[in-house]
Amino acid sequence: MEQPNNKLLTGEENASCGDTGSLATEKLQKPCSPHKETYVCTLSLELIAKAQKELQEKPEWRLRDVQALRDMILKEQPNLKTNLDDGFLLRFLRARKFDYDRALKLLVNYHSSQRAWPEVFDNLRPSAIKHVLDSGFLTVLPHRDSLGRRILVIRPGIWKPSDYPITDGIRAIYVTLEKLVRTEDNQVNGTVILADYNGVSLSQATHLGPFMAKKLIGILQDGFPMRIKTVNIINEPIIFKGIFAIIKPFLKEKMSERFVLHGSDLSSLHKNVPPCILPEEYGGTIGKLDTAAWTETLLAFEEEFLAEFNNTLSPRDESPVQLEFGENVQAGQACDESFRTGRSQLYYCY
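Residues numbered from 1 in each chain as written. Predicted model: local features only at pLDDT ≥ 70, side-chain atom pairs only at ≥ 80, totals over all residues. Heavy atoms only, no water.

The name given to the protein in an unreviewed UniProt entry is Tocopherol (alpha) transfer protein-like, with the source organism recorded as Callorhinchus milii.

**Student:** Even after reading the chapter, I still don't get the overall build of the protein, so can you show me in this structure?
**Tutor:** Tallying secondary structure elements over the protein gives 18 helices and 5 strands in all. Looking at the protein as a whole, 54% of its 350 residues qualify as buried. If you take every contact in the protein between residues at least 6 apart in sequence, the share linking residues at least 24 apart comes to 81%. With the model as given, the accessible surface of the protein reaches about 15700 Å², and the carbon-plus-sulfur share is 53%. (Helix = DSSP H or I, 4+ residues; strand = E, 2+ residues; numbered from the N terminus. Buried < 20%, exposed > 50% of the residue type's maximum accessible area, 1.4 Å probe, protein only. Contact = heavy atoms within 4.5 Å. Areas by Shrake-Rupley, 256 points an atom, 1.4 Å probe, with all protein chains shown as cover.)

**Student:** Would you explain the packing of aromatic side chains in this entry?
**Tutor:** Scanning the entire structure with this criterion turns up 13 aromatic pairs. Taking 6.4 Å as the distance between ring centres and 20° as the angle between the ring planes, the aromatic pair formed by F121 and F309 counts as stacked. Of this pair, F121 sits in helix α7 (residues 118–121) while F309 sits in helix α17 (residues 302–312); the two residues are 188 residues apart in sequence, bridging distant segments of the chain. An identical accessibility class is assigned to F121 and F309; each is buried. Three or more aromatic residues joined by ring pairs form one cluster here, namely F88, F92, Y110, F121, Y174, F224, F301, F305 and F309. In this structure, R64 packs its charged tip against the face of W61, placed 4.8 Å from the ring centre. (Phe/Tyr/Trp six-rings, centres within 6.5 Å; stacked < 30°, edge-to-face > 60°. Lys NZ or Arg CZ within 6 Å of the ring centre and 35° of its normal.)

**Student:** What is the right way to look at the pattern of salt bridges in this model?
**Tutor:** Side chains bearing opposite charge may pair, as long as their charged atoms lie close to each other. Inspection of the entire model under this criterion finds 16 salt bridges. Among the salt bridges present, the one from R182 reaches E308, with a minimum N-O distance of 3.3 Å. With R182 in the loop between α9 (166–181) and α10 (184–189) and E308 in helix α17, the pair connects residues that are 126 residues apart, well separated along the chain. The pair formed by R182 and E308 is uniform in burial state, with each residue classed as buried. Residues joined in a network through salt bridges with shared partners are R91, E178, R182, E304 and E308. (Salt bridge = Lys/Arg side-chain N within 4 Å of Asp/Glu carboxyl O.)

**Student:** Can you walk me through the nonpolar core in this structure?
**Tutor:** A general tendency of soluble globular proteins is for nonpolar side chains to be buried together. If you look at the biggest cluster of nonpolar residues, it comprises 82 residues, and the most contacted ones within it are F121, F137, L138, Y174, F224 and I243. Residue contributions to this core reach at least three from each of two domains, namely domain 1 (45–116) and domain 2 (123–304). Apart from the residues within four sequence positions on either side, I243 is in contact with Y197, V200, A205 and L208. (Core = buried A, V, L, I, M, F, W, Y, C linked by side-chain atoms within 4.5 Å. Domains from an automatic or database assignment.)

**Student:** Would you mind going over the environment of E257 with me for this structure?
**Tutor:** With respect to the secondary-structure elements, E257 resides in helix α14 (residues 253–257). Assessed through its relative accessible area of 57%, E257 is described here as exposed. Along the sequence, E257 and T230 sit 27 residues apart, while their C-alpha atoms lie 8.7 Å from each other.

**Student:** In this structure, what is going on with the environment of N232? I would like to understand it.
**Tutor:** Assignment of secondary structure puts N232 in strand β4 (residues 228–234). When the C-alpha atoms of N232 and G263 are compared, they prove to be 9.8 Å apart, with 31 residues separating the residues in sequence. Beyond its immediate chain neighbours, meaning those up to four positions away, N232 contacts V192, I193, L194, A195, V260, H262, L269, N272 and V273. Looking at N232, its side chain comes within polar contact range of the side chain of H262, at 2.8 Å. (Polar contact = N/O pair within 3.5 Å; in protein donor to acceptor, adjacent residues only side chain to side chain.)

**Student:** How do you make sense of the sheet that holds strand β1 (residues 138–140) when you look at a structure like this?
**Tutor:** Hydrogen bonds along the backbone pair up the strands of a sheet, which may run parallel or antiparallel. An order of β1-β2-β3-β4-β5 is seen for the 5 strands of this open sheet, with the pairing classed as mixed. Each having just a single partner strand, β1 and β5 (259–263) make up the two edges of the open sheet. Direction aside, neighbouring strands of the sheet carry axes that sit 20° apart on average. (Pairing = 2+ DSSP bridges. Axes fitted to C-alpha atoms, helices over the stretch in contact; angles between N-to-C directions.)

**Student:** What is the right way to look at the pairing of β4 in this model?
**Tutor:** The side chains of a regular strand alternate between the sheet's two faces. In terms of burial, β4 is largely enclosed, as 6 of its 7 residues are buried. Where strand β3 (residues 191–196) lies against β4, 6 bridges are found, and the strand directions are parallel. In the strand pairing of β4, A195 is matched with I233. Across 4 bridges, β4 lies against β5 in parallel orientation. Counted as the bridge partner of I234 is G263 from β5.

**Student:** Teacher, can you tell me more about helix α12 (residues 210–222) here?
**Tutor:** Structural remark: α-helix, 3.6 residues per turn; residues separated by three or four positions point the same way. The terminal C-alpha atoms of α12 lie 17 Å apart, and with 13 residues this matches the ideal 18 Å at 1.5 Å per residue to within 8%. For α12, every residue scored as buried is listed here: M212, A213, K215, L216, I217, G218, I219, Q221 and D222. At its buried positions, α12 is contacted by α6 (100–116), α7, α9, α13 (240–247) and α14. (Expected span 1.5 Å × (residues − 1).)

Right under this line is the structure:
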């Protein structure tokens, strides 16, 4: 199981996360409909301050904002089968900087993408992707970077099309993100991807066509409540230019700018990811790359994953919402009382 970041989180700080239980907040909670979990903040004081600065999250407004999103769901998406717990909805608010409209769109996209891609989401569970994990296709490094972010390592060159379909690799990425997003530190700090393209051949690359690329980017960018902060590409072969040409049209400008191509220059990688948290394979100092530990973590996550995921997986006969991709929308605006109490009409990301 993933352990809290001891440097950032202490039990004493846990008890002072800002949800004061005011009368106004209690009144907002009472009328809410089917949700059971009572939210308990696990952020350190440092991360509370970071969330307020970067995500417009104010502890004194937190539960009110969750209730506002819950009310929107019940009013605008009454047939959406979704989790209404405080902690679950907070993921979407944080991912969209507490803009209610954008958070709701993200939630709807989260569910519609699951309905639209049965090859990935049918019978999805950690044990179903054990063969992918055992192959070493991906892992999460044991230590965070200096900004508190977890590092997801993906190695496409490990994958052999004769062993399993490319969608199984996508299933493994998705389950990993589901595990990571359960930790509040990761919701605030975001995640860094390190994609090692060593060994990727033309035969592998041909499996990622525009249709597949659009769906995958759609989930990572528009359909999952995780903030992808940087995508480090290393050991990319010449054919990667063709792969990136397929992906780029579906990337928003901000996400496109977060792709950093290092080639085989490890010193370039170390400017983004320090050697002290990297394995030897990438010029680091923590020993050989270990994929077994993360495999065990995900397999132990199965019961928790199924308890939530199966209860929010919408039937496929509902009309799917069309996801939109590639729009370069700027979303920099102040967060004040009028913005939080009213419906923001200034911008949509999707």
